[in-house]
Amino acid sequence: MKILIKNGHILDPATNTDGILDLLIEEDTIKAVGTKGKEHKGTEVSADRVIDAKDCYVMPGLIDLHVHLRDPGFTHKETIETGGLAAAKGGFTTICAMPNTNPVIDNRDRVGFVHRKAAVESVVNVLQIGAVTEGQNGEYVADIAGMAEEGIPAVSEDGKSVMDAKLYFKGMKQAAANGLRVFAHCEEKSLVGNGVMHKSQRAKEMGLPEISHAAEDVIVARDILLAKEAGVPLHICHVSTAGGVKMVALAKKGNIKVTAEVCPHHFTLSVNDIKKDDPNFKMNPPLRDPEDVEALKKGLAEGIIDAIATDHAPHTMQEKGVSMMGAPFGIVGLETAAALTYTELVDKKVLTPMQMVEKMSYNPAKIIGSSKGTLAPGSIADVTIFDPRAEYRIDASKFVSMGRNTPFHGRKVKGLVRMTIVGGEIVYQDENFA
Ligand code: NCD
Ligand code: ZN
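1. Description of the site of ligand 1
Moving on, step 1. If you check the shell around ligand 1, you find 15 residues, and the closest are His 68, Arg 70, Asp 158, His 185 and Asp 311.
Moving on, step 2. Between ligand 1 and the protein, one listed contact pairs a nitrogen atom with a side-chain N or O atom of Asp 311 at 2.7 Å.
Moving on, step 3. In the environment of ligand 1, an oxygen atom lies 3.1 Å from a nitrogen or oxygen atom belonging to the backbone of Gly 330.
Moving on, step 4. Protein contact buries 93% of the 310 Å² of open area that ligand 1 shows by itself.
Moving on, step 5. Counted by class, the shell around ligand 1 contains 3 nonpolar, 9 polar and 3 charged residues.

2. Here we look at the sheet that holds strand β13 (residues 234–236)
Moving on, step 1. Read across the sheet, 5 strands follow the order β9-β10-β13-β14-β15 without closing on themselves; strand pairing throughout is parallel. Strands with a single pairing partner mark the edges of an open sheet, and in this sheet they are β9 (154–156) and β15 (307–308).
Moving on, step 2. Bridge count for β13 against strand β14 (residues 258–262) is 3 bridges, and the pairing is parallel. Pairing of Ile 236 across the sheet is with Ala 260, part of β14.
Moving on, step 3. Sitting on the sheet, helix α9 (residues 242–253) is in contact with β13 and β14, with an inclination near 155 degrees to β14.

3. Here's the deal with helix α8 (residues 213–230)
Since the α-helix packs 3.6 residues into each turn, any two residues three or four apart lie on the same face.
Moving on, step 1. Over its 18 residues, α8 runs 26 Å from end to end, which matches the ideal 26 Å to within 8%, given 1.5 Å per residue.
Moving on, step 2. Within α8 the residues assigned to the buried category are Ala 215, Glu 216, Asp 217, Ile 219, Val 220, Arg 222, Asp 223, Ile 224, Leu 226, Ala 227 and Ala 230.
Moving on, step 3. Among the residues trailing α8, Gly 231 stands out with phi positive, at a value near 70 degrees.

4. Overview of the nonpolar core
Moving on, step 1. In terms of nonpolar packing, the biggest core is built from 74 residues, with Ile 95, Val 155, Met 172, Leu 234 and Ile 236 touching the most fellow members.
Moving on, step 2. With 6 residues, α8 is the largest single contributor of residues to this core.
Moving on, step 3. Dropping the residues within four chain positions of it, Leu 234 is found in contact with Met 172, Val 182, Ala 184, Asp 223, Ile 224, Ala 227, Lys 257, Val 258 and Thr 259.

Criteria and cut-off values
- Residues numbered from 1 in each chain as written.
- Chains lettered and ligands numbered in written order.
- Predicted model: local features only at pLDDT ≥ 70, side-chain atom pairs only at ≥ 80, totals over all residues.
- Heavy atoms only, no water.
- Near = heavy atom within 4 Å.
- Polar contact = N/O pair within 3.5 Å; in protein donor to acceptor, adjacent residues only side chain to side chain.
- Areas by Shrake-Rupley, 256 points an atom, 1.4 Å probe, with all protein chains shown as cover.
- Nonpolar A, V, L, I, M, F, W, Y, C, P; charged D, E, K, R; others polar.
- Pairing = 2+ DSSP bridges.
- Helix = DSSP H or I, 4+ residues; strand = E, 2+ residues; numbered from the N terminus.
- Contact = heavy atoms within 4.5 Å.
- Axes fitted to C-alpha atoms, helices over the stretch in contact; angles between N-to-C directions.
- Expected span 1.5 Å × (residues − 1).
- Buried < 20%, exposed > 50% of the residue type's maximum accessible area, 1.4 Å probe, protein only.
- Core = buried A, V, L, I, M, F, W, Y, C linked by side-chain atoms within 4.5 Å.

Here is the structure:
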């Protein structure tokens, strides 16, 4: 099948392409990117499908480094299939699945299970991330070599930190020996205690137990130092504090192999947006101070923060239908990330459209050592068509994810995914996009 995408605004950081051009896909490969008249003439007639992407950005498929698919074990919250559909609707063509499922993905067979299931059930590419310790119990290092052979790009204990530094160091060394990265969820358990909300005036007014900056920052510092000594590339998950940004900047200056991601909720909302006890505003790490939000944006703009990841964390209505004290941490993000990024960062001139693609596709690909994240001819045809003009209100009832837990229901945003193409196949198309 040949697909010709015409008149779109091509954004490709890898080739520094930024302009109105046509893009030709043949089977699963990007065949050509050309100016009108040049590629256009010969290709238009022979394409099986011609798509008019006028006024839209045509981007390399978005890559999400941080997704909770809940499969196996918590398929009442999400499955590989529904998570894959939500990803496609959000413009993602590859998603990295965190291992905090049941059972925990901590050995070769379990990685193989997810990858085989995803090949059948998911419309987008799923890359499983392996746990650092068996069962995420923090006692024994997991089967890192075996999981590497099954194709994991990284190990992570996400959902918590490996609190035993010696054990973590051992896992990091094994990850390094197997060519993997470590994705670090940074949270000092003893400092978090039963906290549910950022340490702030708001938390005090609401009478809720608090989570300090330090609870995150001390582990960011520790993990950078450990990774440096272990010689493993470290990726800091969901940075939420100004201190975290500072430490990542310092580490990069010192030539330590560290990268970092920020989630849309952390650059869009602060703790002051929590107006009442609402579990849809409960996530880990928590919404921080306005000063942190500014630091995250600055970090993104200055290239200290490499990636935007969703930390898509679906939970059921029942689980989230209680108080902040009783509900689990986490919110969904796959179907709102691109719009929030465009609205909060690009439309407000924090990032250029090209930088948005860097943070959501090009850099994530580099972080996991993938050749994706580009529209260069010869690349796999993973493509996202994004319409920056569309204005609408986020409607959680229309999510294809099984999760409805979002603080963004009813929020006005700009920017809509019109089409998602994975390996030359159209896996999602907006109903109003002919
Ligand atoms: C995540 C989850 O629900 O699995 N929750 C969250 O609040 N972020 C775990 C995680 O990403 O740390
Ligand atoms: Zn986490």
